[in-house]
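Below are the chains, spelled out letter by letter.
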Amino acid sequence: NAGVTQTPKFQVLKTGQSMTLQCAQDMNHEYMSWYRQDPGMGLRLIHYSVGAGITDQGEVPNGYNVSRSTTEDFPLRLLSAAPSQTSVYFCASSYSRTPSYNEQFFGPGTRLTVL
Amino acid sequence: ILNVEQSPQSLHVQEGDSTNFTCSFPSSNFYALHWYRWETAKSPEALFVMTLNGDEKKKGRISATLNTKEGYSYLYIKGSQPEDSATYLCAFIVGRDDKIIFGKGTRLHILP
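Here the residue numbering is sequential within each chain, running from 1 through the sequence in written order. All chains are assigned letters beginning with A, and all ligands numbers beginning with 1, in the order in which they are written. Owing to the predicted nature of the model, reporting of local features is limited to residues with pLDDT of at least 70; listing and counting of side-chain atom pairs is limited to 80 or more, with chain, interface and lining totals taken over all residues. Side-chain metrics in this entry use all non-hydrogen atoms of the structure; hydrogen atoms and water are not considered.

> I'd like a rundown of the overall build of chain B, residues and numbers included.
For the purposes of this entry, the term helix denotes a DSSP run of H or I that reaches at least four residues, the term strand denotes a run of E that reaches at least two, and both are numbered from the N terminus. The secondary structure content of chain B amounts to zero helices and 11 strands. Computed over the C-alpha atoms, the radius of gyration of chain B is 14 Å, within 12% of the 13 Å expected from 2.2 N^0.38 for a compact globule of 112 residues. Dimensions of chain B along its principal axes, counting C-alpha atoms only, are 45 × 30 × 20 Å. Using a 1.4 Å probe on the protein chains alone, a residue whose accessible area is under 20% of its type maximum counts as buried, one over 50% counts as exposed, and one in between counts as partly exposed. Classification of the 112 residues of chain B by burial places 51% in the buried group. Put simply, 54% of the contacts in chain B that link residues at least 6 apart link residues at least 24 apart. Split by element, the accessible area of chain B, about 5600 Å² in all, is 46% carbon and sulfur. By the counting rule applied here, Lys and Arg register as positive and Asp and Glu as negative, while His and the ends of each chain are not counted. In this description, the location of a charge corresponds to atom NZ of lysine, CZ of arginine, CG of aspartate or CD of glutamate. Within chain B, the 12 negative side-chain charges are centred at a point lying 2 Å from the centre of the 12 positive side-chain charges. The globule rule used for comparison is 2.2 Å times the number of residues to the exponent 0.38, while the radius of gyration itself is calculated over C-alpha atoms. Here a residue-residue contact requires only that any non-hydrogen atoms of the pair lie within 4.5 Å. Shrake-Rupley sampling with a 1.4 Å probe provides the accessible areas, and residues are treated as covered by the protein chains on show and by no other component.

> Break down the packing of aromatic side chains for me, citing the residues and quoting the values.
All names here are of chain B. Ring pairs shown here join Phe, Tyr and Trp side chains whose ring centres sit within 6.5 Å, with only the six-membered ring taken for Trp; geometry is labelled stacked below 30 degrees between planes, edge-to-face above 60, and tilted in between. This structure, assessed with the given rule, holds 16 aromatic pairs over all chains. Pairing F21 with Y88 gives two aromatic rings, centres 5.4 Å apart and planes at 45°, and the pair type is tilted. With F21 in strand 3 (residues 19–24) and Y88 in strand 9 (residues 86–94), this pair connects stretches of sequence that are 67 residues apart. Each of the two residues, F21 as well as Y88, counts as buried. Where Y72 meets Y74, the ring centres are 5.0 Å apart and the plane angle is 40°; that geometry is what we call tilted.

> Can you lay out the interface of chain A and chain B for me, pointing to particular residues and giving the numbers?
In this assembly, 25 residues from chain A lie in contact with 21 residues from chain B. Counting each side, the surface lost to burial between chain A and chain B is near 1800 Å², with a carbon and sulfur contribution of 62%. Salt-bridge detection follows one rule: a side-chain nitrogen of Lys or Arg within 4 Å of a carboxyl oxygen of Asp or Glu. One can count zero salt bridges joining chain A with chain B. Residues adjacent in sequence count toward polar contacts only when both atoms are side-chain atoms; beyond that, a polar contact is any pair of N or O atoms within 3.5 Å, and within protein one must be able to donate a hydrogen and the other to accept it. Summed over the shared surface of chain A and chain B, the result is two residue pairs in polar contact (both at pLDDT 80 or more). Only strand 4 (31–38) and strand 5 (42–51) of chain A provide two or more residues apiece to the side of chain A that touches chain B. Sorting elements by how many residues they give to the side of chain A that touches chain B places strand 5 of chain A first, with five residues. By the convention adopted, Pro, Cys, Tyr, Trp, Phe, Met, Ile, Leu, Val and Ala count as nonpolar, Lys, Arg, Asp and Glu as charged, and the other residues, Gly among them, as polar. Looking at the side of chain A that touches chain B residue by residue, the classes come out as 12 nonpolar, 10 polar and three charged. Each of two parts loses accessible area, computed with a 1.4 Å probe, when they are put together; buried area is these two losses added.

> Lay out the sheet that holds strand 3 (residues 19–25) of chain A with the relevant residues and their values.
Residues and elements named next belong to chain A. Here we have four strands laid out as an open sheet, ordered 1-3-8-7, and antiparallel in their pairing. The strands lining the two open edges of the sheet, one partner per strand, are strand 1 (4–7) and strand 7 (64–66). On average, each strand axis in the sheet is tilted by 20° relative to the strand beside it, whichever way the strands run. DSSP bridges decide pairing: two strands pair if at least two such bridges lie between them. In this structure, strand 3 lies alongside strand 8 (residues 76–78), joined through three bridges in antiparallel fashion. Its bridge partner being in strand 8, M19 is matched across the sheet by L78. With axes taken as lines fitted to C-alpha atoms, and helix axes fitted only over the stretch in contact, angles between N-to-C directions fall between 0 and 180 degrees.

Interpretation in functional terms is not warranted from these geometric data alone.
Structure below.
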């Protein structure tokens, strides 16, 4: 099992550009989520999904879109990149639809810089 | 807005000493609390999933307790080793929404 994979590892964007961060897992996990990590802020939830076809907003969803057309994939789209979106982005997944009883597995992260 | 607080923010401990730190969370609408260990340049890895008041979990030299009525969890490390240097995160699960709220972490430095 590859676990949770994220691409790209690094990305530099110009303000106003759009892009998609890819996340995939091969563990047949129902729950998937996106976080951003900023200095002094810990991990903040952007969007999450409890299964294919279902997504919901986390703490900091503005400027981001997600979709979950398959169990395996959970891409994060930046619609019009802003310098405030410079961050490290982590994707995570866990086994069941509710994250209460199962640990999350994290991907390696994508470091995004918006100029 | 739900608040998950971790204290202290940073901690320096001599190798061989034991230490502990705290995660405070809302005592109402509790579903679960997770602890994660996050080493520099790596991804967070799960330590414990805790769901019941009074839960005590142990993994080697690391253990955790849970008090859902007063809204806190302690993480203990016995006989600290250099490889324990990491940031320790707790995550509160808001059950009705399936949301996960992370604390900002306690950064632990083990001094040789």
